[in-house]
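Commentary on secondary and tertiary structure
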Amino acid sequence: MPCSVTAILRATLAFGRVACLALVVGSALSPAGILTAQAQTTAGPIETRKPADWNAALGAIERQLRDPRMDDEGFVALRASLDRLRVAATEERDQFKQAATAAQTQLDALGPAPAAGQPRESAAVADSRRQLSARLQAMQDGVKQSELALARIVALQDQVADEARQQFTRQLIYRGASPFSPVFWHDGLADIVAAAQEVRAAPQAWLEADGDRRAGSTTLMQMAVVALLAVVLVIPAQRWLHRHYGVRPDTSDPSPVRRTVAAFTELMNRTAMPLAVLWAVYGVVAGNGWAGGMVGTMLQALLQALSLALLAYGLVYAILAPNNSAWAVIQLPQPQRDSLLRRVAVFVIGIVLLSILVVPSRSPDFGGAGRDLVIAAVALFLVLVNLGFADPRLWRQLGEDLRPLRLLTGAVFALNLVALAAILLGYYSAAAFLSFALLGSALALAAYSVVRTAIRDGLNNLADSPDSRFRSLRQPLGLSGPMSTTTQIFLGLLVDVVLFFLLLIALALAWGMSGATLVAYTLELFYGVTIGPVTISLGNILGAIVVLVVGVGITRLLSGGLNTRLEQQSGIDPGVRNSMVTGLTYAGYLLAGVAAIGAVGLDLSNLAIIAGALSVGIGFGLQNIVNNFVSGLILLIERPVKVGDWVVVGDREGYVRRINVRSTEIETFPRASVIIPNSDLISSPVMNWTHRNRLGRVDINIGLAYGTDVEKARDVLLECLSKHPDILSIPAPMVVFRDFGDSALMFALRGFIADVERRMMIESDLRFAIYKACNANGIEIPYAQSDVHLADIDRLEKMAMALAGNKKPAAD
């Protein structure tokens, strides 16, 4: 059986359903959604409910699976039904488990039943014990039945996947009639003409159908609301994006960052936002029950084709910027750019017309010959489009930096030649599959490249902030200075992981994986994959990440707000402010980590066991780290040193700039950073010049010559101290006669200053003043000198005189 055109066009949902949330909203407004909500609200407590009867639903699916007429859409519907049943069974099992745990807790509170020979318990307690035991047994039975249903559902999902895979393989290797055979064209056209009559009657039957759907006036009203929201929200958003981040005609030489951001803006305005509006309208139509029958199928096919067309249109305009070539992300010569634009226009028009022309193939009674002809037409159109886009003549003039793009287009061109050969040989399904997969992959890779480049450039701009547009985004994130390299790498890696995951989804859909299969795999990861005794749940992991990120964000906001508030209040020491902010940050991070562990579903008792086991390792290998961590907490609480203090640790002297968990950063006077473990600041002597206040004392030692009038010298030196504006009068400055030196009288000048950080400058000023005052008052400041006493000086004198007169000295 050849694959239907529905299966080929269904994969375009990977690129079109940007507004899948609108479908959820539309479904919520539909009668089915309302009935589901009513069923949920009217359901009684789990303790009084009986387990659901899964046999009827699963038996119906098993019967459908044995139907030999099952096609691609049938497999998709079965997979979707199984997914819904799996979600319902999982929720019921969890509810029964919670109820069983609650009943067991109440039984434990009653204690064990009295043994034989012991006093009987009261009638009320015995009755409660019987009721709780019966309830516990019923809940445990419900858990078992739900788990049995889950096992059957998983087995049926695997069976559906196997059957769909086998049918898909049969479709790919199916060989139809030769395109050179007249019978192929005669029978195919006859089937199309016969199905066209049914298509013409479809609108009337659609309007007269009495299905479970809302009134047409209500649907039109909701569509009008969506259109009004589009006018009020989407159009202003497009204008704002274009005005701030779009192409600027007055800029002739934009930077690469601005070009990629403008390309992303064009893609959003020309593709994402229009698609959001279109699918929101379709969500209202489908949610109200008006998307059934052949008309609904035609409408969905048209929207899928429009999605693909808008994506191609938006990508080309975003990358080539035909209205302003200076803003093009890929610079192509004018002839090649015009040729590529014409081919995109042909593709856009052709894919929309093709979606209308293949509508007759949606009829259940459509003949096999007609189906072969439609699939051949679709495959030929896609092959020609791919060959046009991958034409080597368009890309041969690209630079070496875009050499991978040239290689990619060459590979796509060669593979489409293979698809063209498959059409000529009659393998229409294989050709359609290959050509559409290549087209979808090319569009997905192009969109991925544009979005990734724009986001990475935006992150770099946000980090360096050369553009004023990003400054408003930096302040809420606490980025007063340049973003650290670690933060840039982390954010870039996060963007790459998310975009690569979306790219894999798009490629999987393009290469034949159905949306229902993707949903099933996602649900399986979301609800947990059991490996031995461990269950890995993507939902719990994502929830823990969200809790951690939100907790860290709230902590950053609170600590930043506290820091700003304390800065505005005068009289608060910077070290005290830093200790308060750091303590709040550590406490917030700790609470966020504990909340994330709880969200991921880990048992804290197990963590206690693990912590006990790790304590041995901590005692040996991690004791220094733990010691430094505890020392850091002590520094924050006792505050022997604070941020901004002038400290001396051993032979290292400087200002405390940061107190971290493990170490403290000290900036020396030559502007070198010294990282000192916190334990050294606790266990070693530390001299802190600014521990309690900034009051300090200057000490200047000076030696005066022997014979100096010491009374006069004291007055002169004391006057130098008193006249300096930074020397405090209380405590009074003093001059101390310290000692009789070997060659000088030793004096010491001592004066107190308000800011000890100016000590060196004040001492320098005082030395200048002292030197000047001593010279003015005739006070001698001696330099170091020594007297040398020589024995036999007379004999040495005679020898020197003899040598000067060239006479031999007389013998002594």
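Residues numbered from 1 in each chain as written. Predicted model: local features only at pLDDT ≥ 70, side-chain atom pairs only at ≥ 80, totals over all residues. Heavy atoms only, no water.

1. Overview of the overall build of the protein
To be explicit about the condition: Secondary structure elements follow DSSP: runs of H or I no shorter than four residues count as helices, runs of E no shorter than two count as strands, and numbering proceeds from the N terminus. Relative accessibility thresholds used throughout: buried, under 20% of the residue-type maximum; exposed, over 50%; partly exposed, between the two (1.4 Å probe, protein chains only). In this description, contact between two residues means that some pair of their heavy atoms is separated by no more than 4.5 Å. Each accessible area is a Shrake-Rupley estimate made with a 1.4 Å probe; only the visible protein chains count as cover when residues are assessed.
Scanning the protein for helices and strands turns up 27 helices and ten strands. A burial count over the protein gives 37% of its 812 residues as buried. Taking the contacts inside the protein whose residues are at least 6 apart along the sequence as the reference set, 73% of them involve residues at least 24 apart. By element, 63% of the accessible surface of the protein is carried by carbon and sulfur atoms, the whole surface being about 46,100 Å².

2. A look at the packing of aromatic side chains
The condition that has to hold: For Phe, Tyr and Trp, rings pair up if their centres lie within 6.5 Å, where Trp contributes its six-membered ring, and each pair is then called stacked (planes under 30 degrees apart), edge-to-face (over 60) or tilted (otherwise).
Under the counting rule described, the total for this entry stands at 15 aromatic pairs. The interplanar angle of 70 degrees and the centroid separation of 5.8 Å between the aromatic rings of Trp-240 and Tyr-245 together place this pair among those described as edge-to-face. A relative accessible area of 40% means that Trp-240 is categorised as partly exposed. Classification of Tyr-245 by relative accessible area gives buried; the value is 17%. Arranged with centres 5.2 Å apart and planes meeting at 25 degrees, the rings of Trp-646 and Trp-689 form a pair that is stacked. Separated by 43 residues along the polypeptide, Trp-646 in strand β3 (residues 646–649) and Trp-689 in the loop between β7 (687–688) and β8 (696–704) bring together distant segments of the chain. Note on Trp-646: relative accessible area 2%, which makes it buried. On the basis of relative accessible area, Trp-689 is assigned to the partly exposed category, the value being 24%. Taken together, the aromatic side chains of Trp-646, Tyr-655, Phe-669 and Trp-689 make up a single cluster linked through ring pairs.

3. Some remarks on the sheet that holds β8
Applicable threshold: One bridge is not enough; two strands pair if DSSP finds at least two bridges between them. Axis geometry follows a simple rule: fit a line to the C-alpha atoms, using only the stretch in contact for helices, then measure angles between N-to-C directions, giving values from 0 to 180 degrees.
Within the open sheet, the three strands sit side by side as β8-β10-β9. Their pairing is antiparallel. The open sheet is flanked by β8 and β9 (734–740), the only strands paired with a single partner. With direction set aside, neighbouring strand axes in the sheet form an average angle of 25 degrees. By the bridge criterion, nine bridges tie β8 to strand β10 (residues 745–753) in an arrangement that is antiparallel. Residue pairing in the sheet places Ile-702 in a bridge with Phe-747 of β10.

4. Thoughts on the sheet that holds β3
Read from one edge of the open sheet, five strands run β6-β5-β4-β3-β7, paired in antiparallel fashion. Because the sheet does not close on itself, it has two edges, and the strands there are β6 (673–677) and β7.

5. Regarding the nonpolar core
Which entries qualify depends on this criterion: In plain words, nonpolar cores are sets of buried Ala, Val, Leu, Ile, Met, Phe, Trp, Tyr and Cys residues tied together by side-chain atoms within 4.5 Å.
Counting residues in each nonpolar core, the largest one holds 41 residues, and the members touching the most others are Phe-347 and Ile-351. Every element with two or more residues in this core is listed here: α10 (256–287), α11 (293–320), α12 (334–357), α13 (368–389), α14 (392–395), α16 (428–464) and α18 (485–510). Considering every element that reaches this core, the biggest residue donor is α11, with ten residues. The residues contacting Ile-351, other than those within four sequence positions of it, are Ala-305, Leu-308, Ala-309 and Phe-381. Core analysis: the second largest hydrophobic core is formed by 21 residues, Cys-720, Leu-749, Ile-770 and Ile-779 among them.

6. Focus on the pairing of β3
Residues of β3 alternate between two faces, with Trp-646 and Val-648 on one and Val-647 and Val-649 on the opposite face, all of them buried. As paired elements, β3 and strand β4 (residues 652–659) share four bridges and run antiparallel to each other. In the strand pairing of β4, Val-649 is matched with Arg-652. Taking the residues between adjacent antiparallel strands as the criterion, β3 and β4 are bridged by two residues, where Gly-650 takes a positive phi near 65 degrees. In the sheet, β3 pairs with β7 via two bridges, with the strands oriented antiparallel. Across the sheet, the residue bridging to Val-647 is Asn-688, located in β7.

7. A few points about the environment of Thr-409
Among the structural elements, Thr-409 can be located in helix α15 (residues 403–425). Exposure remark for Thr-409: the relative accessible area of 11% places this residue in the buried category. Note: C-alpha distance between Thr-409 and Trp-395 (14 residues apart in sequence) is 8.0 Å. When neighbours within four sequence positions are excluded, Thr-409 is seen to be in contact with Ala-390 and Trp-395.

8. Re the pairing of β9
For β9 and β10, the ladder comprises six bridges, and the chain directions are antiparallel. Bridged to Val-735 within β10 is Leu-749. Connecting β9 to the next strand, β10, in antiparallel fashion are four residues.

9. A closer look at helix α6 (residues 72–110)
We count it as follows: Here a helix's expected span is defined as the number of its residues, less one, multiplied by 1.5 Å.
Over its 39 residues, α6 extends 57 Å from the first C-alpha to the last, a length consistent with the 57 Å expected when each residue adds 1.5 Å. Directly beyond the C-terminal end of α6, a positive phi value near 80 degrees is found at Gly-111.

10. What about the confidence of the model for the protein?
We apply this condition: On a range of 0 to 100, pLDDT expresses the predictor's confidence in each residue.
Mean pLDDT over the protein works out to 78, with 81% of the residues at or above the 70 mark. The low-confidence segment residues 1–43 (pLDDT under 50) makes 90 contacts with residues lying over four places distant or belonging to another chain.

11. Description of the packing of helix α9 (residues 216–245) against α10
As a reminder, the rule being used: Oblique is the label for any angle not covered by the other classes, which are roughly parallel (under 35 degrees), roughly antiparallel (over 145) and roughly perpendicular (65 to 115). Side-chain classes are defined by residue name, with Ala, Val, Leu, Ile, Met, Phe, Trp, Tyr, Cys and Pro counting as nonpolar, Asp, Glu, Lys and Arg as charged, and the others, Gly among them, as polar.
At a minimum axis distance of 9 Å, the contact between α9 and α10 shows a crossing angle of 175 degrees. It follows from the interaxial angle that α9 and α10 lie roughly antiparallel. Broken down by class, the residue content of the contact of α9 with α10 amounts to 16 nonpolar, seven polar and two charged.

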